[in-house]
Amino acid sequence: MIRINLLPYHLRPVKHSPIPYILSACVLVGAILYMLSVFFANATAVQRKRDQLAQHQAEFDQYKSIVEESNFLEQRKIELALKIQTIDSIVSDRIIWSRQLWNLSRLVPENMWYSDIRTETKTFRVQRSEIDPNTKKPVKKMVDIKRAILRVKGYVIEDDAGEKSVNPLMDAVTGDDDFASMFELQPSSFTDTEFEEVPVRSFNFEFLIVPGGANR
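Scope of this entry: the structure provided in the associated data block. (Residues numbered from 1 in each chain as written. Predicted model: local features only at pLDDT ≥ 70, side-chain atom pairs only at ≥ 80, totals over all residues. Heavy atoms only, no water.)

### Digging into the pairing of strand β4 (residues 189-195)
Regular strands have side chains that alternate between both faces of the sheet. Bridge count for β4 against strand β5 (residues 198-209) is seven bridges, and the pairing is antiparallel. Residue pairing in the sheet places T191 in a bridge with S202 of β5. Where β4 folds back onto β5 in an antiparallel hairpin, the turn is made up of two residues, including E196, whose phi is positive at roughly 55°. (Pairing = 2+ DSSP bridges. Helix = DSSP H or I, 4+ residues; strand = E, 2+ residues; numbered from the N terminus.)

Below is the structure:
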């Protein structure tokens, strides 16, 4: 049978080529295949990293007790070093009190005697240098600090010259190298009074205890 299309040419349906559709389908399939390959590659890389992580975690768990013991020993080492430092500081600053009491007994003149010897803590106001947080420059500042002192009290009666002077004892304690190396005489006080109805002069000496003097 012969078919004759009697429609005018401009009314006839246009026949499109299938090639663009085929190309589009190929591009779409290629993109899908590429994304699938990237997905599976990433999934494989992630799984490989997970396997490595699991392996490292297993190794870490295997040596965890050793690491913890090493950290514990390192901490103990630091603590022992601090204790040794503290002990060395205490030993270097130690005072053999029996020796220093003997020094006081041998230095006192015959017309003087002690009524009280003790250690105390006293507050001193001193000047310190600090960094100003605003200017970042050193500034002088007065601060209160507590220091250990040796307090020595006693009495003096008249000597052969009829004087109640504490100067001989002051000269003795400040001039003795063994005692003066550890005890620094501070301003002291004196009072004329009576002891068992005998005129005497009482004295109150304060000695600043100098750290580290025991090594001299």
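And the narrative resumes.
### Some points on helix α3 (residues 167-175)
In an α-helix there are 3.6 residues to a turn, and that puts residues three or four apart on one side. The set of residues buried in α3 consists of L169, A172 and V173. Buried residues of α3, seen end-on, are gathered within an arc of 90° and therefore sit on one face of the element. For α3, exposure combined with an orientation more than 90 degrees from the buried face picks out D171 and G175. At its buried positions, α3 is contacted by α2 (97-107), β1 (112-131), α4 (177-180) and β5. (Buried < 20%, exposed > 50% of the residue type's maximum accessible area, 1.4 Å probe, protein only. Arc of directions from axis to C-beta. Contact = heavy atoms within 4.5 Å.)

### Points about unusual backbone geometry
With phi around 55°, E196 is a residue other than glycine that occupies positive phi space. Checked against the element boundaries, E196 lands in the loop between β4 and β5. Despite not being glycine, E197 shows a phi value in the positive range, around 65°. Looking at the element boundaries, E197 is found in the loop between β4 and β5.

### What about α2?
Of the residues making up α2, those classed as buried are Q100, N103, L104 and L107. For α2, the angular spread of buried residues about the axis comes to 95°, placing them on one side. Among the exposed residues of α2, those oriented more than 90 degrees off its buried face are S98 and W102. Buried residues in α2 make contact with β1, β2 (138-156), α3, α4 and β3 (183-185).

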